[in-house]
Amino acid sequence: MDVKDPQQYNTLLQGNEGKKDTLPWLKQKASSKLTKKTLYKRIPVLGWAPKYDKAAAVGDILAGVTVGLMVIPQALAYSGIAGLPPQYGLYGSFIGAIVYIFFGSCKDVPMGPTAISALLTFQSIKGMGPEHAVLLCFFTGLVQFVMGIFGLGFLIDFISGPVSSGFTSAVALIILTSQVKDILGVHAPGSVFTEIWKNIFQDIHNTNAWDTCLGIACIIVLLVMRVVGQMKIGPSKGELSSFQKCFNKSLWLLATARNAIIVIVCGFIGYALYDGTSPLTLIGAVPAGLPSLQPPPFGGYNRIENNTEVHVPFVEMMANLSTGIIVTPLIGLLETIAICKAFSDGKPVDATQELIAIGLANIANSFVHAFPGAGALARAAVNNSSGVKTPLGGLYTGILVILALLFFTPFFYYIPKAALAAIIIAAVIFMVEVRVVKPMWRSKKSDLFLGVCTFVACLVLPLEVGILVGIGLNVLFILYHAARPKISIERLTTSRNTEYLMITPDRCLIFPSTDYVRNLVTKHSIRQGIPVVIDCSHIYGADYTAATVVETITKDFALRNQPLFFYNLKPSVSAVFEGLSPQDFVVYYDHDQLDDLLEKQNAKKTDTNNIV
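These numbers were taken from a predicted model, which means no experiment stands behind them.

> I would appreciate a short explanation of the UniProt feature "domain: STAS" (unreviewed entry) in the protein in the present structure.
Here the UniProt-annotated "domain: STAS" (unreviewed entry) positions come out as residues 497-584. Between the C-alpha atoms that bound residues 497-584 there is a distance of 24 Å. The span itself is 48% helix and 17% strand.

> How should I be thinking about the sheet that holds strand β6 (residues 499-505) in this particular structure?
Sheet strands line up and pair through hydrogen bonds in the backbone, either parallel or antiparallel. In spatial order, the strands read β5-β6-β7-β8-β9; together these five strands make up an open sheet with mixed pairing. One side of each edge strand has no neighbouring strand; the edge strands of this open sheet are β5 (487-493) and β9 (587-588). Bridge count for β6 against strand β7 (residues 532-535) is three bridges, and the pairing is parallel. From the neighbouring strand, Met502 faces β7, where its bridge partner is Val533. Relative to β5, helix α23 (residues 511-528) is tilted by about 25 degrees, and along the sheet it contacts β5, β6 and β7.

> Got a minute to help me understand the packing of aromatic side chains in this structure?
Both the distance between ring centres and the angle between the ring planes are used here to describe each pair of aromatic rings. Tallied over the full model, the rule gives 17 aromatic pairs. Here the aromatic rings of Phe138 and Phe298 are separated by 4.9 Å at their centres, their planes lie at 75 degrees, and the arrangement is edge-to-face. In this pair, Phe138 is assigned in helix α8 (residues 130-149) and Phe298 in the loop between α13 (258-273) and β2 (301-305), connecting sequence segments 160 residues apart. Ring geometry for Phe566 and Phe585: centres 5.0 Å apart, planes at 45 degrees, overall tilted. Pair noted here: Phe566 is in strand β8 (residues 564-567) and Phe585 is in the loop between α25 (571-578) and β9, with a separation of 19 residues, a long-range link. Its relative accessible area of 14% is what places Phe585 among the buried residues. Within the aromatic cluster, the residues linked to one another by ring pairs are Phe138, Phe139, Phe298 and Phe314. Across from the ring centre of Phe430, 3.7 Å away, lies the NZ or CZ of Arg226, which sits over that ring. Sitting over the face of the ring of Trp441, Lys445 holds its NZ or CZ atom 4.7 Å from the ring centroid.

> What exactly am I supposed to notice about the pattern of salt bridges here?
Pairing between side chains becomes possible if they bear opposite charge and their charged atoms approach one another. Under the defined criterion, the tally for this structure stands at eight salt bridges. Close ionic contact of Arg507 with Asp506 constitutes a salt bridge, the shortest N to O distance being 3.0 Å. A single salt-bridge network, built from bridges that share partners, covers Arg496, Asp595, Asp596 and Glu599.

> How do you make sense of the environment of Ala172 when you look at a structure like this?
Within the secondary structure, Ala172 sits in helix α9 (residues 161-184). C-alpha separation for the pair Ala172 and Thr504, spaced 332 residues apart in sequence, amounts to 46 Å.

> Even after reading the chapter, I still don't get the side chain of His369, so can you show me in this structure?
One can find His369 in the loop between α16 (351-366) and β4 (374-375). Under the relative-accessibility criterion, His369 is labelled buried at 18%. Polar side-chain contacts of His369 include one of 3.0 Å to the backbone oxygen of Ser292. Not counting chain neighbours up to four residues away, the residues in contact with His369 comprise Tyr88, Tyr91, Val134, Pro291, Ser292 and Gln294.

> For this particular structure, what's the right way to read the nonpolar core?
Nonpolar side chains tend to gather and get buried jointly when the protein is soluble and globular. Judged by nonpolar contacts, the single largest core of 77 residues is most densely connected at Leu90, Phe167, Ile175, Phe371, Phe412, Leu420 and Leu463. Ranked by residue count, the leading element in this core is helix α19 (residues 417-428), at nine residues. Those residues in contact with Phe371, other than ones at most four positions away along the chain, are Tyr78, Ser79, Ala82, Leu84, Tyr88, Gly89, Pro113, Ala118, Thr121, Ala133 and Cys137. Formed by 24 residues, the second largest nonpolar core is a distinct cluster that contains Leu501, Ile503, Leu520 and Ala546.

> What's the story with the pairing of β8 in this structure? I'm lost.
Side chains on a regular strand alternate between the two faces of the sheet. A two-sided burial pattern is seen for β8, the buried positions comprising Leu564 and Phe566 on one face and Phe565 and Tyr567 on the other. Note: β7 against β8, four bridges, orientation parallel. Directly across from Asp535, in β8, lies its bridge partner Tyr567. Each parallel crossover has a hand, and for β7 linked through helix α24 (residues 544-559) to β8 it is right-handed. Pairing of β8 with β9, which is carried by two bridges, proceeds in the parallel orientation.

> Can you help me understand the domain arrangement of the protein in this one?
Interface size is often expressed as the accessible area that is lost when the parts come together. Partitioning the protein into domains gives domain 1 (56-186 + 196-286 + 293-474) and domain 2 (485-602). Between domain 1 and domain 2, the C-alpha centre-to-centre distance is 56 Å.

> Would you explain the confidence of the model for the protein in this entry?
Detailed conclusions should not be drawn from predicted coordinates in areas where pLDDT is low. Of the residues in the protein, 93% reach a pLDDT of 70 or more, and the chain-wide mean stands at 85. When the criterion is pLDDT under 50, residues 608-612 qualifies, and its contacts beyond four places in sequence or with other chains add up to zero contacts.

> I would appreciate a short explanation of helix α10 (residues 193-202) in the present structure.
In an α-helix, one turn spans 3.6 residues, which is why side chains three or four residues apart end up on the same side. Burial in α10 covers these residues: Phe193, Ile196, Asn199 and Ile200. All buried residues of α10 fall inside an arc of 135 degrees around its axis, so they share one side. Counted as exposed and oriented over 90 degrees from the buried face of α10: Lys198, Phe201 and Gln202. The elements touched by buried residues of α10 are α9 and α21 (445-460).

> Please clarify how the environment of Arg507 should be interpreted in this entry.
Checked against the element boundaries, Arg507 lands in the loop between β6 and α23. The exposure class of Arg507 is partly exposed, given its relative accessible area of 26%. Separated by 289 residues in the primary sequence, Arg507 and Cys218 place their C-alpha atoms 55 Å from one another. Excluding residues within four positions of it along the chain, Arg507 makes contact with His481, Ala482, Arg484, Pro485, Lys486, His538 and Ile539. A distance of 2.4 Å separates a polar atom in the side chain of Arg507 from the backbone oxygen of His481. Within the structure, Arg507 has its side chain in polar contact with the side chain of Asp506 (distance 3.0 Å).

> Would you mind showing me how to read unusual backbone geometry here?
Most peptide bonds take the trans configuration, and most residues that are not glycine carry a negative phi. Although it is not a glycine, Ser322 sits at a positive phi angle of roughly 45 degrees. Among the secondary structure elements, Ser322 is positioned in the loop between α14 (314-321) and α15 (324-342). If you check the backbone angles, Asn497 has positive phi at about 65 degrees while not being a glycine. For Asn497, a relative accessible area of 66% translates into the label exposed.

What counts, and at which threshold
- Residues numbered from 1 in each chain as written.
- Predicted model: local features only at pLDDT ≥ 70, side-chain atom pairs only at ≥ 80, totals over all residues.
- Heavy atoms only, no water.
- UniProt positions renumbered as here; feature names shortened; annotations may be inferred.
- Helix = DSSP H or I, 4+ residues; strand = E, 2+ residues; numbered from the N terminus.
- Pairing = 2+ DSSP bridges.
- Contact = heavy atoms within 4.5 Å.
- Axes fitted to C-alpha atoms, helices over the stretch in contact; angles between N-to-C directions.
- Phe/Tyr/Trp six-rings, centres within 6.5 Å; stacked < 30°, edge-to-face > 60°.
- Buried < 20%, exposed > 50% of the residue type's maximum accessible area, 1.4 Å probe, protein only.
- Lys NZ or Arg CZ within 6 Å of the ring centre and 35° of its normal.
- Salt bridge = Lys/Arg side-chain N within 4 Å of Asp/Glu carboxyl O.
- Polar contact = N/O pair within 3.5 Å; in protein donor to acceptor, adjacent residues only side chain to side chain.
- Core = buried A, V, L, I, M, F, W, Y, C linked by side-chain atoms within 4.5 Å.
- Right-handed = clockwise from strand over helix to strand, strands pointing away.
- Domains from an automatic or database assignment.
- pLDDT = per-residue confidence, 0-100.
- Arc of directions from axis to C-beta.

Here it is, written out as structure tokens:
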């Protein structure tokens, strides 16, 4: 290339040199990341697949089929929570579960629709139709995947135990409330707890006695079957006979399949009572077959308004979803991590890998018209107790759902809505975490206050706003504790009987706490009028603001001719303080040094007085 301008030539030369310097750096980074260890960590199937054997296959088949019998009625019911036709729950119960096999790090996680994800979907799409739910599913997966790539799993650490308990309990009550309308057979729209109950009471006079009786009966039967499943015969310790083992296993299987049993029995009741019309409110027609494979509506979609076709652009759809795009991925991760921790047997949980796995699963689900999903704790417990060995159990669950979509959808027409509502109510009633109130009150009352505030906020406000209120309060609590460290103050005596004031902060010195610490040190030092020692044993970090405060304090003490020393200061923290070159900044590490430092300080003061 002919370059006549010398300046242009130099610019091109520097650009080429920059490329030469950058390429080796990129190669080094790529080689350090693309290792066999990283590959096995990010694609966990490579680790367990070569060791897969017949025993693992038997455990996975049994667990996968058992979870499949559980997920089919739940998926139909959760679609109602999300405000979508029943098939959309089934659409989200097979592809995501299969994708999780390759990228999931926990064998017990059954990827699919959950009660919480369904409620978040309902509150995000605000009744605007399946297209919004599908787009929300895609962006939920995309946000989770990007968070995983950048290692942002730590963000769930900002959702403390009390906030999580308050949120979960509020969700349980909202879901339960949303299903009361199907038990009563009334029309009660709304997404907020108070709004739903207001609409229920307004339409209570239209209660359908058939739906109510069937729903209450189903709830009672489900709760009884749950208790029966926990019963065991035979000695608690010692060897059980073959009959006892078989009987206990049968009770467990009966309790595990209780949702499927209720759906089948109620379906036959609905069919028997149907003669063109039915006294029960039925699900209605469910499209047969698998969903078509197509991308989410990135170009917007068309809907009918007042007999006119209106185009809804992509930008408007995104605006409609608003905060749901951020809150839904975080809560999905929280649900999944809770399962991983519950069944990890003390092993560390890789939040980054779980983000990647559920992110890819949700992205795949969005291509088959599903709404967002996550790991479900109830199904995970069944998965674990069924003897699942690897994530491959999700394959058999997915196959069962596919068979249901291909062959059993005509039967779904006759399933009463009250039966599905009863399944949800019997499940979520145990999500209300009443058991944590007493321990939290005994342990730390401020945590209980935080949980109650989150609980109330989630009930009276939209759910995504409520959880953000809880997280915000949690962050404020953290900042308050950071700004108000506990400081112990003792009046002590050296080995040579010199009195001094020992001031001990209990945590790092950073900008929220510096003014508080400075005021307290100044107040007590002036009041006591004796040498002051700041014990820095618990100070593991400091910032520039803290360094400026230390510089100010040392100047103030020097002007008062009052000795000030810093004891056991970490070298890294000392380097921060010394960055401003403060005068009279003295650090010591041995208690025996204090008397010598005090003598030197007194001698210096005497010399100054003599000069004056």
